[in-house]
Structure formats: structure tokens, C-alpha cells
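Architecture at a glance
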Amino acid sequence: MAGAKLAGRAMASDFDGTLFFGFGGRTHPFRRFLSRDLAAIGEFRASGGLFGVCTGRPLGAVLADAGSDLSFDFAITSSGAHVSDGAGNTLFSRKIPDDDVRALLDATGGQTSRPPFLALESGYLVLGGIDIPWLPKALLRRLRVVGSVDEALSMGHGGDDGSVQVVSLGFGSQERAARFVAGVGELLGGRVSAFQNLDSVDVVPAGCSKGAGLAIARQCMGLGLVGGIGDSFNDLPLLGEADVAYTFNRAPEALREHANVLVDDVAGALADLGRR
């Protein structure tokens, strides 16, 4: 039947540096999305395949940059702390308890190289200010600055269930970020997990990861053969859960070692998955 050739197959793609290059992108600094990727995604979906995003960003921040260029059949956001379908229905959601957010920020005060980002489902809050020279002005204009942790927590429902899905911390070097990841479990008694993305770290509720989020999407949506593609260390759980793991020829060696197939772009990964 026309349009059903790839029925049941799905691709879960990281966002920043993999699919989206609108800011901070060194590989394609003048393009938001690659035209060949958008064309390949359209063809994949027209043939019955499902395409979704799997990112550390909260859902609101993904949709803001996807705009009218791209829509998704599923979205695994906040490093797996939130999973939704293409209609925006929540399939899974978990948050960090408010007391743990406070403890985490207290423990890392003075150690980080930029203000903390706190991710609610709707988007990012920045604690203290946005004097971050390397962030593009277009992004800075969208960030909401809060003056205190209590102000940030009051913007969600708070309480025992919390309101923050991710605490994103910048450490200025990959080595400092790695040391923090190694010790965060002991710091908060195993109540959170942490994932390194070069010199920054995303802290999420324990048990959440991009891979766990993909497993939830797979079960809830009845996905068949699933591919996963990412470009950095925090994508390792995604690659581990995927049936076929993709990364770029330019990716760090540690990531390439965990991939089944090396490609140059998302379009190449979709072409390979479509042949399987």
C-alpha cells in the first residue's frame, strides 16, 4: 500500500548539533536545518516511518526552534523526563523535587562557568542573569531570567512532585563536567541522574535518560525497528536503546565506538534505516 512501505519503523534524533544548527553550530553555522535532512524526513514520513526528537531540551524550547520547518511524530525531551506523542499528549513526565533542586544548586554554587538553566516543560529559566557572551542574541531574548530559586520553583506547581525537569550546569571544561557526573549520585543519594554534553551537564530525575524515554515511546506507540542518532556523550543512552545506532563521522571517538553506522547527516541515517 502506498505510503506504508516503512510502517512501524522510527527514527529518534538528537536536536542540537545533530538536526538543528541555528545557534552554537560550528559545522553548519548559517543554517537552522539542513535542506537535505528536511527532505529526507519528509520522504521517510510519507513512506509510513515515524520521526521524533530525543533531546536534553524541554519541549517548549524544541517547538520554539522547530517552528513551521519541522514537526514530530513523538518527542522525548528533557533527557527523557518528558515523553509526548505527535499530538502533544503526555505519555510520561517526571520532575526533580524542589528540595533536591535547591540542594543541587547550593552544592554547585561557585563551581560553574555560567548561570544555571532550569527546564520546565514550557521552556528554560535562567537563574541570576544572562550575561553569557557566547550565546546568540536570538536565544538570549527567549530566555526568562529569574532572580532566585524560589521564584523559579513558583512558576511550576512545585511541591513533592517538583516543577523542574532538568537542571543544566556549565562547568567550562569537559574534565570538570566529568568529575561532577561521577559524584552527583553520592551528592543527592541517588535521587538524580546526570548526563555530560561536552563541558555542560544535564541533571534529571533518577531513572530518566534519553534511552529510557525512547523505551517508553517504543512501548506506548508500538514502534517497530527503531534507529537513534546523536552527536555527543549524552546521546549514549539513546544509541544503546535504539535497534540501529547512528552517529557522525565527526563525532567523538567514544560515541563512534557505540554506533552501528557512521553517517554525515540525518538524511544518511534515514536512508540506511529505510533499506533495512
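Presented here is a report on the structure given in the accompanying data block.

1. Some thoughts on the sheet that holds strand β10 (residues 192-197)
Here six strands make up an open sheet; going across it, the order is β8-β7-β6-β9-β11-β10 and the pairing mixed. With partners counted over all chains shown, the strands left at the sheet margins are β8 (144-146) and β10, one partner each. Across the sheet, the mean angle separating the axes of adjacent strands is 25° when strand polarity is ignored. As judged from the six bridges shared by β10 and strand β11 (residues 200-205), these two strands associate in the antiparallel manner. Bridge pairing in β11 links Q196 to V201. In the packing of helix α6 (residues 174-187) onto the sheet, the strands contacted are β9 (166-170), β10 and β11, and the crossing angle to β10 comes to about 165°.

2. Section: the pattern of salt bridges
As enumerated under the stated definition, the model contains 15 salt bridges in all. D14 is the partner of K210 in a salt bridge, and the nearest nitrogen-oxygen pair spans 3.1 Å. Here K210 is found in helix α7 (residues 210-221), whereas its partner D14 is found in the loop between β1 (10-13) and α1 (35-46), with 196 residues between them in sequence. The same class applies to K210 as to D14, namely buried. Among the salt bridges present, the one from D272 reaches R275, with a minimum N-O distance of 3.8 Å. Here D272 falls in the buried class, since its relative accessible area comes to 13%. Where salt bridges share partners, they join D16, R32, R57, D65 and D69 into one cluster.

3. Regarding the layout of surface pockets
As a volume, the second largest pocket reaches approximately 150 Å³. Taken together, K5, L6, A40, E43, F44, S47, A267, L270, A271 and G274 make up the lining of the second largest pocket. For the lining of the second largest pocket, the elements supplying multiple residues, two or more each, are α1 and α10 (266-274). A total of four residues in the lining of the second largest pocket trace back to one element, the largest contributor, which is α10. Of the residues contributing to the lining of the second largest pocket, the split by class is six nonpolar, two polar and two charged.

What counts, and at which threshold
- Residues numbered from 1 in each chain as written.
- Predicted model: local features only at pLDDT ≥ 70, side-chain atom pairs only at ≥ 80, totals over all residues.
- Heavy atoms only, no water.
- Pairing = 2+ DSSP bridges.
- Helix = DSSP H or I, 4+ residues; strand = E, 2+ residues; numbered from the N terminus.
- Axes fitted to C-alpha atoms, helices over the stretch in contact; angles between N-to-C directions.
- Contact = heavy atoms within 4.5 Å.
- Salt bridge = Lys/Arg side-chain N within 4 Å of Asp/Glu carboxyl O.
- Buried < 20%, exposed > 50% of the residue type's maximum accessible area, 1.4 Å probe, protein only.
- 1 Å grid on protein atoms, 1.4 Å probe; cavity = no way out; pocket = protein on both sides within 12 Å on 5 of 7 lines; lining within 4 Å.
- Points joined across faces, edges and corners; volume = space filled by probe spheres on them.
- Nonpolar A, V, L, I, M, F, W, Y, C, P; charged D, E, K, R; others polar.

This is a description of form; function is not addressed.
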